[in-house]
Amino acid sequence: MHPLARALARVVVAARTPAAATAALSAGLLCLGCWLLVVLPVGDSTLLPGPAGAALPVALLAMLAVLLLSELGQAAVELRQQSYGFSLTGSALLVGMLFLPPHWVVALRVASAVVAFALQRSSALKASYNAAAYLLDAVLVAVLLHGLLEPARSLTVRAATVTYLSLAVVDVLMTALVLLVIRINVGPLEWSDLTEAFVPGAVAVAVASALGLVCVVLLLAGPVGWVLLVLLAAGSAAAYRLYLTLRRRHADLQLVQGFIDASVGGGEALAGDLLERVRSLLRAGTAQLVWRGGAGEVRLHAEDGTAVGAATGTGTRPVVVPPERTDGLVHAGLPDGPQARWLTEAGHRDALVVDLGAMGGDGVLVLADRLGGEVSRFGQEDLSLARALAGHLVVALQNTELVDRLRWDATHDALTGLPNRRSLAGALELQLGGPPGAVRRPVVLTVGVDRFDEVHDVLGQQTADAVVVELARRVRALPLPGASVARSGPSELAVLLQAPSQPPVELAEVLAQVSHDPVPVGEVLLSVGVSVGAVEVADDGAGAEEVLRRADTALFAARATGSRFVLHSRSLDSGRVERLALLGDLHRALDEGALTVHYQPKLHLGTGTVTGVEALVRWEHPVLGAVGPAVFVPLAESAGLVDRLTDHVLATAVAQARRWADDGLPLSVAVNLSARCLDDDTLPQRVAGALAGAGLDPARLVLEVTETSLMGDPARTLPVLRAVAALGVQLSLDDFGTGYSSLAYLQRLPVHELKVDRSFVQALEQEEAGTATALVRTVLGLATSLGLRVVAEGVESARALAALRDLGCHLVQGYLVSRPVPPDAVPDVVRAVAADPAFAGGQRGGALPAPRAPSAGAVVAAG
Ligand code: C2E
Ligand code: CA
Ligand code: CA
């Protein structure tokens, strides 16, 4: 090996960076080319009779022009989705080598390449390598042809074959060199890289040689041949143009078809798909789309060989938007300005920019880096095609947006922008069953604004909306990781937690924070209360809708009972739900005074007359008709309405008793108290107020309390009871026998009356009434010893009445005597009972026990 070559080879191998290695290789090729040119005699003669004298400079200039043009304007042919670039340089070189002095051809080849690289602003490294390679290429061809062929007058078959083979051999050599450069710069090669490099290379050489040889033959043929050559060149150019046009039309049709096929998709996927289609149609290295639509700005990026991606996503290049109003072709040849600067900044060779504003959209389509080799550039035709496609793109994007908008509307709440109930149900459906191995089951919490209707009615729709929007904002800002928030009702927001980190109670506390600060509405600050309902998603086969309904029920219960939070349980289900629905109606009934009071007489067995009545509340529901107190009183108790109810019945009853007294009918009136009333130390005050309001003698009022209600918390209830009794009011122990109170315990209570529960009284009617009889007897004995009077409730038959009489019961109450009747009917009932011989006073029963002095107050009159 030549010492110089050896030294260079050593430099190439020792080079640390690919650039250094490439530079060393370029230098090596340059030296080799020059050395060959000097060492190997190629002579000045031409192989075929070429132009001489004044014709030579003209021919040389023409040669330069042809080389330059073919270097700049690489043709591309599409075959099976692949674009094959080929240049006419090979043909021009062949013609030049045969007709012109070899040194000139080599010089022109290198000169044309250098000029072309300068025009294309190729990198210095690349340009120097290519120039060196072209030099070597041309020198090798010259050496081979001049070494193997003798100058001749015409083209022989042998000469043609030698020419072709020489070109082919040199081409293989040059391709190998290119692969070497790639190996240096990019890394190890694969087998496919070799076939991809050599096979098209061989084809290109064959085509270029054939074309070159045809030109040679025509040039040798004299003027006719020259004319034919010109015609052939013009025809080929025209054919190539036609080919391009047809190809584009065909592709355009394909694209339209593709649009139709693709338009079933939606959103970014469709936009990305269309972008990729546009990119591959225009043979662009990258296609980028910036689209400002209803849903904000979308930036998409499609790159040759990689998937389409959102331009903001990782792994893809960010879209660098060209300066305002850029539309058209942007290439390196432009004078320095914003567009040229953008091109450099974005790192593109050339670009084609379509302003989508002109198509009725808002955004920009950028196609950059025309594929097909360094020399490929976008042209005016590409621009027209790109504009046409951009039109399609805009329409498709707008349609997609419309579809997306409709889809969004269907799944979101317009006011808060939150997902709606339907999409929450969809999300929930996926969570049913829960994640495997999760510690806690998914939870749905519903938070609702308290007294929202009032806010709406008093302050108006806008304020109500503002409250909901603000709460939605606050709920979203809560520290509830992984929560999906939705608007589940007019004043309700639902939160789905797939893997809650806290138990529902704690979550509810977090959720209730949204009402800590007042909500600013215009100028004012509005304090709003919220209630929270929750449900744990159970494995009981309940669907998403059912789970949401349970959450609603829990919230309803929380609101209805005034407790801030209710966790759904089975007891809230079925019948209770309807009862809860009643609660709203009960509220209204209380507000409107729609609850009435009926009275049931208590018959005094000793005298055979009605001495008192029990007030029983009645509710005529506008839709459901009569609703029994056994249904709505517990409801009122659970919703904290029972005080209002009690006060209403109390006031009505004492006023009525006063009227009867004024009418000469001195009846005592009994009012039922709920267990909750006894917890309330304002009760004595309220009772006193009612009595004073009606001007009724306290002794005429009996308050019935159940045995169980006393048992709850005697420490609290006893003082209340004592205070009430101190007013001179009588106390009656209702439903006696159903609770657990020991009879001895009664001593401690300021009670005046026992009402034996209906179940025992009705047992007296049976043939085998032994136990009931024993109980009533015991009760009577005890009561008598304690100075209490005994009332038997639920007396329905003469048989029971007779038994009670025999046992010495003091008073009876029941359907046998009278059903509860409206106040107007009471005087008639009292008269009728007095006249009825069945109730006539007897000697045995009915003697009232001697009045007993209760712990506080005194029994002034018996009931
Ligand atoms: P209670 O205090 O034991 O009232 C007696 C209940 O037995 C009344 O039912 C009455 O209509 C019914 N009754 C009377 N005689 C007979 C009979 O011979 N046979 C049968 N089968 N039933 C008879 P009502 O009016 O439906 O009241 C049910 C319960 O509702 C009352 O039981 C009482 O606990 C409660 N309640 C009624 N009014 C009020 C009220 O104003 N305040 C409170 N806190 N509770 C009330
Ligand atoms: Ca009662
Ligand atoms: Ca009772």
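Heads up: these notes are all about the structure in this document. (Residues numbered from 1 in each chain as written. Chains lettered and ligands numbered in written order. Predicted model: local features only at pLDDT ≥ 70, side-chain atom pairs only at ≥ 80, totals over all residues. Heavy atoms only, no water.)

Considering the overall build of the protein chain
- If you tally the helices and strands in the protein chain, you get 27 helices and 24 strands.
- For the protein chain, buried positions account for 45% of its 863 residues.
- In the protein chain, of all internal contacts separated by at least 6 residues, the share reaching a separation of at least 24 is 68%.
- Summed over all atoms, the accessible surface of the protein chain reaches about 40,800 Å², with 61% contributed by carbon and sulfur. (Helix = DSSP H or I, 4+ residues; strand = E, 2+ residues; numbered from the N terminus. Buried < 20%, exposed > 50% of the residue type's maximum accessible area, 1.4 Å probe, protein only. Contact = heavy atoms within 4.5 Å. Areas by Shrake-Rupley, 256 points an atom, 1.4 Å probe, with all protein chains shown as cover.)

Some details on a nonpolar patch on the surface
- On the surface, Leu32, Trp35, Val38, Val39 and Leu40 cluster together into a nonpolar patch covering about 450 Å² of accessible area.
- With respect to the helices and strands, the residue Trp35 is situated in helix α2 (residues 18-39). (Patch = residues over 30% accessible without salt bridge, like charges linked within 9 Å, V, L, I, M, F, W, Y side chains within 5 Å. Salt bridge = Lys/Arg side-chain N within 4 Å of Asp/Glu carboxyl O.)

Some details on the nonpolar core
- Formed by 87 residues in total, the largest nonpolar core has its most connected members in Leu595, Tyr599, Phe632, Leu701, Leu703, Leu804 and Val812.
- Take this core: its biggest share by element is 7 residues, from helix α20 (residues 642-662).
- When neighbours within four sequence positions are excluded, Leu701 is seen to be in contact with Leu650, Val654, Val669, Val671, Val687, Leu691, Val729 and Gln730.
- Counting residues in hydrophobic clusters, the runner-up holds 50 residues, among them Leu93, Val106, Val143 and Leu229. (Core = buried A, V, L, I, M, F, W, Y, C linked by side-chain atoms within 4.5 Å.)

Topic: the coordination of the calcium ion (ligand 2)
- For the calcium ion (ligand 2), the full set of protein donor atoms is Glu614 (OE), Asn672 (OD1), Glu704 (OE) and Asp734 (OD), and the range of their distances to it is 2.0 to 2.3 Å.
- Along the chain, the residues donating to the calcium ion (ligand 2) fall in the pattern E-x57-N-x31-E-x29-D.
- Separating the calcium ion (ligand 2) from the calcium ion (ligand 3) is a gap of 4.1 Å, bridged by Asp734, which donates to each. Within this pair, whereas Glu614 is found in strand β17 (residues 609-621), its partner Glu704 is found in strand β20 (residues 701-706), the two being separated by 90 residues in sequence.
- Residue Glu614 is classed as buried on the basis of its relative accessible area of 4%. (Donors = N, O, S within 2.8 Å, 3.2 Å for Na, K, Ca; no water.)

As for the sheet that holds strand β15 (residues 565-567)
- Taking strand neighbours across the sheet as the criterion, the 5 strands line up as β10-β11-β9-β14-β15 in an open arrangement whose pairing is mixed. Each edge of the sheet is formed by a strand with only one pairing partner; in this case those strands are β10 (483-489) and β15. Taking the axes of each pair of neighbouring strands and ignoring which way they run, one obtains an average angle of 20° across the sheet.
- As judged from the 7 bridges shared by strand β9 (residues 443-449) and strand β14 (residues 530-536), these two strands associate in the antiparallel manner. Within the sheet, the bridge partner assigned to Thr446 lies in β14 and is Gly533. (Pairing = 2+ DSSP bridges. Axes fitted to C-alpha atoms, helices over the stretch in contact; angles between N-to-C directions.)

Thoughts on the packing of α20 against helix α21 (residues 683-694)
- At a minimum axis distance of 9 Å, the contact between α20 and α21 shows a crossing angle of 30°. Taken together, the axis directions place α20 and α21 in an arrangement best described as roughly parallel. Once α20 is placed against α21, the crossing between them reads as right-handed. Counted together, Asp643, Thr646, Asp647, Leu650, Val654, Ala655 and Arg658 of α20 and Arg686, Val687, Ala690, Leu691 and Ala694 of α21 form the full contact between these two elements.
- Taken together, the residues of the contact of α20 with α21 break down into 7 nonpolar, 1 polar and 4 charged. (Parallel < 35°, antiparallel > 145°, perpendicular 65-115°, else oblique. Left-handed = near helix turned anticlockwise from the far one by under 90°. Nonpolar A, V, L, I, M, F, W, Y, C, P; charged D, E, K, R; others polar.)

With respect to the coordination of the calcium ion (ligand 3)
- With distances of 2.2 to 2.3 Å, the protein atoms coordinating the calcium ion (ligand 3) are Asp734 (OD), Asp735 (OD), Glu793 (OE) and Glu793 (OE).
- Binding-site remark: the calcium ion (ligand 3) is held by donors from one chain whose sequence spacing is D-D-x57-E.
- What makes Asp735 partly exposed here is its relative accessible area of 27%.

Some remarks on the pattern of salt bridges
- Tallied over the entire structure, the rule returns 23 salt bridges.
- Ionic pairing is found between Glu470 and Arg474, a salt bridge with its closest N-O pair at 2.8 Å. Here Glu470 and its partner Arg474 are both found in helix α15 (residues 461-477), 4 residues apart, which amounts to about one turn of the helix.
- On the accessibility criterion, Arg474 (12% relative accessible area) is buried.
- When the shortest N-O distance is used, the salt bridge between Arg658 and Asp662 registers 3.0 Å. Placement of both Arg658 and Asp662 in helix α20 is noted, with a separation of 4 residues, approximately one turn of the helix.

Things to note about the site of ligand 1
- Around ligand 1, the structure places 23 residues, and the nearest of them are Gln600, Arg618, Arg758, Glu796 and Tyr815.
- In the environment of ligand 1, an oxygen atom lies 2.9 Å from a nitrogen or oxygen atom belonging to the side chain of Asp734.
- Note that an oxygen atom of ligand 1 is positioned 3.3 Å from one of the side-chain N or O atoms of Glu793.
- Burial of ligand 1 by the protein amounts to 83% of the accessible area it has alone, namely 780 Å².
- Breaking the shell around ligand 1 down by element, the ones donating at least two residues are β17, α19 (629-638), α20, β21 (730-736) and α24 (758-763).
- Ranked by the residues each element gives to the shell around ligand 1, the list is headed by β17, at 4 residues.
- Of the residues contributing to the shell around ligand 1, the split by class is 10 nonpolar, 6 polar and 7 charged. (Near = heavy atom within 4 Å. Polar contact = N/O pair within 3.5 Å; in protein donor to acceptor, adjacent residues only side chain to side chain.)

Some details on helix α23 (residues 714-726)
- Taking 1.5 Å of rise per residue, 13 residues should cover 18 Å, and α23 covers 17 Å from first to last C-alpha, within 8% of that figure.
- What α23 keeps buried is the set Thr717, Leu718, Val720, Leu721, Val724 and Ala725.
- Looking one or two residues past α23, Gly728 carries a phi angle of roughly 100°, positive in sign. (Expected span 1.5 Å × (residues − 1).)

What about the environment of Pro323?
- Within the element layout of this structure, Pro323 appears in the loop between β5 (306-310) and β6 (328-331).
- Classification of Pro323 by relative accessible area gives partly exposed; the value is 23%.
- A sequence separation of 15 residues divides Pro323 from Pro338, and the C-alpha atoms of the two residues are 6.4 Å apart.

Quick notes on the packing of aromatic side chains
- Tallied over the entire structure, the rule returns 3 aromatic pairs.
- Between Trp619 and Phe632 the ring centres are 5.4 Å apart and the planes differ by 80°, which places this aromatic pair in the edge-to-face class. On the criterion of sequence distance, the pair formed by Trp619 in strand β17 and Phe632 in helix α19 is long-range, its members being 13 residues apart. Grouping residues by exposure puts Trp619 and Phe632 together as buried.
- Over the ring of Tyr134 we find Arg109; its NZ or CZ atom is 3.7 Å from the centre of that ring.
- One residue, Arg819, lies across the ring of Tyr815, its end atom 3.8 Å from the ring centre. (Phe/Tyr/Trp six-rings, centres within 6.5 Å; stacked < 30°, edge-to-face > 60°. Lys NZ or Arg CZ within 6 Å of the ring centre and 35° of its normal.)

Regarding unusual backbone geometry
- For Arg283, which is not glycine, the phi torsion reads 50° and is therefore positive.
- Inspection of the secondary structure assignment puts Arg283 in the loop between α10 (267-281) and β3 (284-293).
- One non-glycine residue, Asp735, adopts positive backbone phi at about 50°.
- Tracing the sequence through the fold places Asp735 in strand β21.

As for the environment of Leu40
- On the secondary structure map, Leu40 appears in the loop between α2 and α3 (55-72).
- Residues Leu40 and Gly147, spaced 107 residues apart in sequence, show a C-alpha to C-alpha distance of 9.0 Å.

A few points about the pairing of strand β7 (residues 350-355)
- Counted residue by residue, β7 has 5 buried out of 6 residues, so it is predominantly covered.
- Of the strand pairs in this sheet, β6 and β7 are connected by 4 bridges, and their pairing is antiparallel. Within β7, the residue paired with Val330 across the bridge is Ala351.
- As paired strands, β7 and strand β8 (residues 363-370) are joined by 5 bridges and run antiparallel to one another. By the bridge assignment, Ala351 is partnered in β8 with Ala368.

A few points about the packing of helix α14 (residues 452-459) against α15
- For the pair α14 and α15, interaxial distance at closest approach is 6 Å and the crossing angle is 140°. Relative to α15, α14 is oriented oblique. Only Gln461, Thr463, Ala464 and Val468 of α15 make contact with α14, whose side of the interface consists of Phe452, Val455, His456 and Leu459.
- Each residue belonging to the contact of α14 with α15 can be placed in one class, and the counts come to 5 nonpolar, 3 polar and no charged.

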